[in-house]
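These are the residues of each chain, in order.
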Amino acid sequence: MRYPFIAGNWKMHKTIKEAALFAEKFRKLYDSSVTDVRVAICAPFTQLAELKKAFEGTGILVGAQNVHFEDKGAFTGEISADMLAETGVDCCIVGHSERREYFGETNETVNLKLHKLFEKNIMPIMCVGEGLEQREAGEEHQIVRTQLVEGLVNIAPEYASRLVIAYEPIWAIGTGKTASPQQAQDMCGYIRQVIEEIYDETVADEVVIQYGGSVKPSNAAEIMNMEDIDGALVGGASLDPDDFIEIVNF
Ligand code: PGA
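Residues numbered from 1 in each chain as written. Predicted model: local features only at pLDDT ≥ 70, side-chain atom pairs only at ≥ 80, totals over all residues. Heavy atoms only, no water.

J.: Just give me the short version of the site of the ligand, but keep the residues and values in it.
T.: Around the ligand, a shell composed of 13 residues is seen, among which Lys 11, His 96, Glu 168, Gly 174 and Ser 214 lie nearest. At 3.4 Å from an oxygen atom of the ligand is found a side-chain nitrogen or oxygen belonging to Asn 9. Against a free-state accessible area of 280 Å², the protein chains account for coverage of 95% of the ligand. The class makeup of the residues in the shell around the ligand is 4 nonpolar, 7 polar and 2 charged. (Near = heavy atom within 4 Å. Polar contact = N/O pair within 3.5 Å; in protein donor to acceptor, adjacent residues only side chain to side chain. Areas by Shrake-Rupley, 256 points an atom, 1.4 Å probe, with all protein chains shown as cover. Nonpolar A, V, L, I, M, F, W, Y, C, P; charged D, E, K, R; others polar.)

Here it is in structure tokens:
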């Protein structure tokens, strides 16, 4: 079932103390009887347990930003899905462009991580998106198609229908340069079409597609109103509870 879903991506921001302050304020602002929008905060590992506790009873989800695809082993600096599950996390970002660019994430590792997260019952938010050069060369559809096809290898339809896909054009992340609502809609519609080709119409209708890249209070409504956009993945503007609640209540 498709539903509106707005997730904050805190990246490498906030201490545990700062996260607790955010949560204390945000839980007062968020009223699930006013909005049907599902909300998540994807935070650094050290804050996850604290946030789960702070958001108890509010319906606000907590997510991680990365996971390793093995259960355990000699992988210094990594974290397993079981370790995440133990903190109670609901979801986990996979394949964010910053991880692809700086930490060697590939479509293949994205695929392995998706398998692991589904196995452990943690909802993945799978990021796809093209860079500026690729868009200027007219390659954006091909890039996104490949990310989807290779990222979703052997992911069963019953899992795929629970997937969240975040379309984040790299040129719009943290730059203040948002894709126009029409550009965002065009690609999100295309993503739904590729999902239909890989699976079928039912899965394509159910998959939740977010747009991400400089979403802020002033542009959230027009983005959220586009037909194939079900939600947003919000970086910078999710760090401030007042900004984030304005986006959630668009
Ligand atoms: P931004 O980041 O909202 O700061 O552009 C979005 C993201 O990277 O998820």
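J.: Requested: an account of the environment of Tyr 3, with residues and values cited.
T.: By the element assignment, Tyr 3 lies in the segment before β1 (5-9). Considered as a pair, Tyr 3 and Ile 209 are 206 residues apart in the sequence and their alpha carbons are 9.4 Å apart. (Helix = DSSP H or I, 4+ residues; strand = E, 2+ residues; numbered from the N terminus.)

J.: With reference to specific residues and values, describe the nonpolar core.
T.: What tends to happen in soluble globular proteins is that the nonpolar side chains get buried as a cluster. Membership of the largest hydrophobic core comes to 69 residues, with the highest contact counts inside it found for Phe 26, Leu 148, Ile 191 and Ile 195. No other element matches the 7 residues that helix α9 (residues 181-198) contributes to this core. Counting residues in hydrophobic clusters, the runner-up holds 15 residues, among them Phe 5, Ala 40, Leu 61 and Ile 93. (Core = buried A, V, L, I, M, F, W, Y, C linked by side-chain atoms within 4.5 Å. Buried < 20%, exposed > 50% of the residue type's maximum accessible area, 1.4 Å probe, protein only.)

J.: Help me get a handle on the packing of helix α5 (residues 107-119) against helix α7 (residues 140-151), residues and values and all.
T.: Put simply, α5 and α7 touch, their axes get as near as 8 Å, and they point 45 degrees apart. Judged on the interaxial angle alone, α7 and α5 are oblique. The element α5 and its partner α7 pack so that their crossing is right-handed. Each of Asn 107, Asn 111 and Leu 114 in α5 lies in contact with α7, whose residues at this interface are Thr 146, Gln 147, Glu 150 and Gly 151. (Axes fitted to C-alpha atoms, helices over the stretch in contact; angles between N-to-C directions. Parallel < 35°, antiparallel > 145°, perpendicular 65-115°, else oblique. Left-handed = near helix turned anticlockwise from the far one by under 90°. Contact = heavy atoms within 4.5 Å.)

J.: Quick rundown of the pattern of salt bridges? Include the residues and the values.
T.: One pass over the structure, following the stated rule, counts 15 salt bridges. The shortest N-O distance in the salt bridge between Lys 116 and Glu 119 comes to 3.2 Å. Note that Lys 116 and Glu 119 are positioned in helix α5 at a spacing of 3 residues, about one turn of the helix. The exposure class assigned to Lys 116 is buried, which follows from its relative accessible area of 10%. Given the relative accessible area of 48%, Glu 119 is considered partly exposed. With a closest N to O distance of 2.7 Å, Arg 135 and Glu 130 form a salt bridge. Through salt bridges that share partners, Asp 71, Asp 82, Lys 116, Glu 119 and Lys 120 make up one connected network. (Salt bridge = Lys/Arg side-chain N within 4 Å of Asp/Glu carboxyl O.)

J.: Give a description of helix α1 (residues 16-29) that names residues and reports values.
T.: When the terminal C-alpha atoms of α1 are compared, their 20 Å separation across 14 residues agrees well with the 20 Å that a helix rising 1.5 Å per residue should span. Burial in α1 covers these residues: Ala 19, Phe 22, Ala 23 and Phe 26. Down the axis of α1, the buried set is contained in an arc of 105 degrees. They therefore lie on one face. Exposed residues lying more than 90 degrees from the buried face of α1 are Lys 17, Leu 21 and Lys 28. Buried positions along α1 lie against β2 (38-42), α2 (48-54) and α12 (241-248). (Expected span 1.5 Å × (residues − 1). Arc of directions from axis to C-beta.)

J.: Run through the sheet that holds β1, naming residues and quoting values.
T.: In spatial order, the strands read β1-β2-β3-β4-β5-β6-β7-β8; together these 8 strands close into a barrel with parallel pairing. Sheet twist, expressed as the mean angle between neighbouring strand axes with direction ignored, is 25 degrees. Contacts from α7 reach β5 (123-128) and β6 (164-167), with the element oriented near 150 degrees to β5. (Pairing = 2+ DSSP bridges.)

J.: Tell me what's going on with the environment of Val 153, and back it up with residues and numbers.
T.: Note that Val 153 resides in the loop between α7 and α8 (157-160). With relative accessibility at 39%, the residue Val 153 sits in the partly exposed group. Not counting residues up to four positions away in its chain, the partners in contact with Val 153 are Asn 111 and His 115.

J.: Account for the pairing of strand β4 (residues 91-94), naming residues and giving values.
T.: Across the two faces of β4 the burial is the same, with Cys 91 and Ile 93 and Cys 92 and Val 94 all buried. Relative to β4, strand β3 (residues 61-64) runs parallel, the two being bridged by 2 bridges. Bridging from a neighbouring strand, Gly 63 pairs with Cys 91 of β4. On the question of chirality, the crossover connecting β3 to the parallel β4 by way of helix α3 (residues 81-87) is right-handed. Bridging between β4 and β5 involves 4 bridges; their strand directions are parallel. Within β5, the residue paired with Val 94 across the bridge is Met 126. (Right-handed = clockwise from strand over helix to strand, strands pointing away.)

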